[in-house]
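Descriptive structure summary
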Amino acid sequence: MAQFHDIINLPWLIHNHPSGDPSPSQDDILMTQRITQAASLLGVTVWDHIIIGSGRLCSLKEDGFF
C-alpha cells in the first residue's frame, strides 16, 4: 500500500463538470488513458483522475477506468 507522502507526490488529474454530473464522458476516459500511457513512458504514475460536479465526485481509478 502506498504511503501518504508517496501519494501526494504523484500527479492527479482533476477537473469539474459545470453540468453538475461528475460521470466521466467518453472523452474524459480516453484522455485519462492517453495521459496515463504517456506518463508511464516517462516512468510517472498518475494516481487518479477526479471529476467534480455539484458537490459530488467521481474517481476514475475507483471506478476501474485505469
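Structure report, in brief. Please read all numbers here as calculations on a predicted model, not as lab measurements.

With that settled, the discussion passes to the sheet that holds strand β2 (residues 48–53). Spatially, β1-β2-β3 is the arrangement adopted by the three strands of the open sheet, whose pairing is mixed. Edge positions in the sheet fall to β1 (12–16) and β3 (56–59), since each of these pairs with one other strand and no more. Ignoring which end each strand starts from, the neighbouring axes of this sheet average 20° apart. Across five bridges, the pairing between β1 and β2 is parallel. Looking at β2, one finds that W12 is bridged to D48. Across the sheet, helix α2 (residues 26–41) is in contact with β1 and β2; its angle to β2 comes to roughly 155°.

Cut-off values and rules
Residues numbered from 1 in each chain as written. Predicted model: local features only at pLDDT ≥ 70, side-chain atom pairs only at ≥ 80, totals over all residues. Heavy atoms only, no water. Pairing = 2+ DSSP bridges. Helix = DSSP H or I, 4+ residues; strand = E, 2+ residues; numbered from the N terminus. Axes fitted to C-alpha atoms, helices over the stretch in contact; angles between N-to-C directions. Contact = heavy atoms within 4.5 Å.

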